[in-house]
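# Geometric and topological summary
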Amino acid sequence: MKIDLKRLIGMLEEVNSVTDEGEGMTRPAFSNFEDQAHEWFIKKCEALGLRTHQDAFGNSFATIGPKEGKGILIGSHLDTVNNGGKFDGALGVITALEVAATLLDNNVSLKKPVTVVAFRAEEVGLVGSSVFTGLLERTERFEDWLKNINRTAATVDESIGYEAYTDYLELHIEQGKNLETKNKNIGIVNSIASLNRMNVTVHGEAGHAGTISMEERNDALMNTAKILTEFERIVKSYGAPNVGTVGTLQVYPSSRGKSSSPLI
Ligand SMILES: [Zn+2]
């Protein structure tokens, strides 16, 4: 049994035609573009003969095989970061769909249901799959956040659905360079990164850039630069696969940064 590569690439192109303007793919979580991609998914699955449904939160599912019993779940997500690549997320959903379509084409009699899933809002903290597994963290701002995305606590509770499945498979593009460096086509993931995010504030002392002597300064940005260098040294000392990133710096009061004068 072989998959239809042409159909797979065609479906990938179709879903990737749903994107905001600009370079690459832009289907942010909870945007109209993500909604449209899910609508496309449901229509496509129905056309291919799969049984579809969406949970109350908006995760999309399409099933083949027996109507009873615990099933196998295969899929990924359809949202992207801004100007993201064409494979991240979409490839996992489309390959899962191609697997289901191939099984249907070949009239394979399945012992258990096979369900293709497109999870919501992966790029903003694995939100859709966290809802599905009942692991969504209920922070202080939980209710406000739900209101913003047009959902309620009830839609989150209703959408816990993992118990209907025994296994989960996901094909995902590698976002590092391991396979490329080793000249391999595919690898099997046996562990995942445990992510930790934090905001750090470094306090200094504001002063006149033209008059405070170098000896008298306590410059927050310069002190931060020393911290960053040390941060990298510490992370590297732990060796692979440990990684650490500093992604954003905001400097206050930064009078020059705020100036509207054309002279400085
Ligand atoms: Zn992804």
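A brief structural summary. (Residues numbered from 1 in each chain as written. Predicted model: local features only at pLDDT ≥ 70, side-chain atom pairs only at ≥ 80, totals over all residues. Heavy atoms only, no water.)

### Considering the sheet that holds strand E1 (residues 51-54)
- Pairing is mixed in the open sheet, where five strands are placed in the order E1-E2-E4-E3-E5. The open sheet is flanked by E1 and strand E5 (165-169), the only strands paired with a single partner. On average, each strand axis in the sheet is inclined to that of its neighbour by 25°, with strand direction left out of account.
- Summarising the sheet, strand E2 (residues 60-64) and strand E4 (residues 114-119) pair through five bridges and their orientation is antiparallel. The residue bridging Ile64 from the neighbouring strand is Val114, located in E4.
- This element, helix H2 (residues 32-48), spans E1, E2 and E4 of the sheet and lies at about 10° to E2.
- Across the sheet, helix H3 (residues 90-105) touches E2, strand E3 (71-77) and E4, and the angle it forms with E3 is around 145°. (Pairing = 2+ DSSP bridges. Helix = DSSP H or I, 4+ residues; strand = E, 2+ residues; numbered from the N terminus. Axes fitted to C-alpha atoms, helices over the stretch in contact; angles between N-to-C directions. Contact = heavy atoms within 4.5 Å.)

### Describing the side chain of His77
- With respect to the helices and strands, the residue His77 is situated in strand E3.
- Take His77: its relative accessible area is 1%, and that puts it in the buried class.
- Of note is the side chain of His77, whose polar atom sits 3.3 Å from the side chain of Glu122.
- Ignoring anything within four residues of it in the chain, the contact list for His77 reads Asp88, Gly89, Ala90, Val93, Phe119, Glu122, Glu123 and His172. (Buried < 20%, exposed > 50% of the residue type's maximum accessible area, 1.4 Å probe, protein only. Polar contact = N/O pair within 3.5 Å; in protein donor to acceptor, adjacent residues only side chain to side chain.)

### Some words on the pattern of salt bridges
- Within this structure, the stated rule accounts for nine salt bridges.
- Close ionic contact of Arg120 with Glu34 constitutes a salt bridge, the shortest N to O distance being 3.2 Å. Separated by 86 residues along the polypeptide, Arg120 in the loop between E4 and helix H4 (127-132) and Glu34 in helix H2 bring together distant segments of the chain.
- For Arg120, a relative accessible area of 5% gives the class buried.
- For Glu34, a relative accessible area of 0% gives the class buried.
- Connected via shared salt-bridge partners are Arg7, Glu98 and Asp105. (Salt bridge = Lys/Arg side-chain N within 4 Å of Asp/Glu carboxyl O.)

### A closer look at the nonpolar core
- Residues Val15, Phe41, Leu50, Leu78, Ile94, Leu97 and Val116 are the most contacted members of the largest nonpolar core, which totals 25 residues.
- Looking at this core, the elements with two or more residues in it are helix H1 (5-16), H2, E2, H3 and E4.
- Examining the composition of this core, we find that eight residues originate from one element, H3, more than from any other.
- Not counting residues up to four positions away in its chain, the partners in contact with Leu78 are Val15, Arg27, Ala37, His38, Phe41, Ala90, Val93, Ala118 and Phe119. (Core = buried A, V, L, I, M, F, W, Y, C linked by side-chain atoms within 4.5 Å.)

### A closer look at the packing of H1 against H3
- Between H1 and H3, whose axes approach to 9 Å, the crossing angle comes to 135°. Comparing the axis directions of H1 and H3 gives the class oblique. Handedness of the crossing formed by H1 with H3: right-handed. Contacts between H1 and H3 pair Arg7, Leu8, Met11, Leu12, Val15 and Asn16 from the former with Ala90, Leu91, Ile94, Thr95, Leu97, Glu98, Ala101, Thr102 and Asp105 from the latter.
- In the contact of H1 with H3, the residues fall into nine nonpolar, three polar and three charged. (Parallel < 35°, antiparallel > 145°, perpendicular 65-115°, else oblique. Left-handed = near helix turned anticlockwise from the far one by under 90°. Nonpolar A, V, L, I, M, F, W, Y, C, P; charged D, E, K, R; others polar.)

Keep in mind these numbers describe shape, not what the thing actually does.
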